[in-house]
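Structural characterization, general
Listed below are the residues making up each chain.
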Amino acid sequence: MKKARNLLWLFAINLFISAFTFGGGYVVIPMIRKYYVQKRKCFDEEDLMRIAAISQSSPGAIAINMSALAGYRTAGTAGLFLSCIAAVLPPLIILSAVSSVYSLIRDNAAVNAVLNGMEAGVAALIVDLIYDMYLIIVKEKNLFFTLMAPAVFILNYVFQINVAILILSCAFLCAAGVGLKKSRKE
């Protein structure tokens, strides 16, 4: 009975998160933190950051990947499947409805105003998420990682260096750092 209630909660919370978060996968992270970490204590902040990192680096939509991994972490394979279905249903229904009436609402001023307002809200959520993630990096007290984030931002924003190049460079630097630590221990 408890497992069925847990699965029902998983389905309902992922359906809710998927239906009421706009702006992409990064907006899902604060919602998953609120319901899975803070309220339900299914896992901790560190697990959430691992789930977010895996979701970002895996193919597919970050929001679906996050829901799947959080569901799996909470209730195993059944939780994974239910979370995926719940995360896919609202966008599927909303996109089907919008596409059927798109030509009617495309030039509607009220609809455009609502979308602009949602855009501002999403931007605020993303800034809050970035701040929280950066605080976790700073708490590790590793000067290299603490300086890497602002350096990458400056290189991309100011000098317009391609994000893919920056990601590969950071991965290379981190791998080289791990290699150096291993060679020093030996």
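Scope of this entry: the structure provided in the associated data block. Nothing here was measured: the structure is a model prediction, and the numbers come from that model.

Describing the layout of surface pockets
In this structure, the largest pocket occupies an estimated 1,700 Å³ of space. Contributing to the lining of the largest pocket are 28 residues, with Gln-56, Met-133, Ile-137, Ala-149 and Val-152 lying nearest its centre. Put simply, the parts of the chain that give the lining of the largest pocket at least two residues each are helix H3 (45-57), helix H5 (109-139), helix H6 (143-157) and helix H7 (163-185). Looking at the lining of the largest pocket, its residues break down into 22 nonpolar, two polar and four charged.

Things to note about the pattern of salt bridges
Summed over the entire model, instances satisfying the criterion amount to five salt bridges. For Arg-50, the salt bridge goes to Glu-46, with nearest N and O atoms at 2.4 Å. Of this pair, Arg-50 and Glu-46 both sit in helix H3, four residues apart, which is roughly one turn of that helix. Owing to a relative accessible area of 44%, Arg-50 belongs among the partly exposed residues under this scheme. Between Arg-73 and Asp-47 there is a salt bridge, with the nearest N and O atoms lying 2.8 Å from each other. Taken as a pair, Arg-73 in helix H4 (residues 62-105) and Asp-47 in helix H3 lie far apart in primary sequence, 26 residues in all. Residue classification places Arg-73 among the partly exposed positions, given a relative accessible area of 43%.

Section: unusual backbone geometry
A positive phi angle is found at Lys-141, which is not glycine, with a value near 55 degrees. You can see Lys-141 is positioned in the loop between H5 and H6. Classification of Lys-141 as exposed rests on a relative accessible area of 77%. The phi dihedral of Gln-160 falls on the positive side, at around 55 degrees, and the residue is not glycine. Mapped onto the elements, Gln-160 comes out in the loop between H6 and H7. Residue Gln-160 is classed as exposed on the basis of its relative accessible area, which comes to 62%.

Each value, and the rule that gives it
Residues numbered from 1 in each chain as written. Predicted model: local features only at pLDDT ≥ 70, side-chain atom pairs only at ≥ 80, totals over all residues. Heavy atoms only, no water. 1 Å grid on protein atoms, 1.4 Å probe; cavity = no way out; pocket = protein on both sides within 12 Å on 5 of 7 lines; lining within 4 Å. Points joined across faces, edges and corners; volume = space filled by probe spheres on them. Helix = DSSP H or I, 4+ residues; strand = E, 2+ residues; numbered from the N terminus. Nonpolar A, V, L, I, M, F, W, Y, C, P; charged D, E, K, R; others polar. Salt bridge = Lys/Arg side-chain N within 4 Å of Asp/Glu carboxyl O. Buried < 20%, exposed > 50% of the residue type's maximum accessible area, 1.4 Å probe, protein only.

From the geometry alone we can't say anything about function, so treat these as descriptive.
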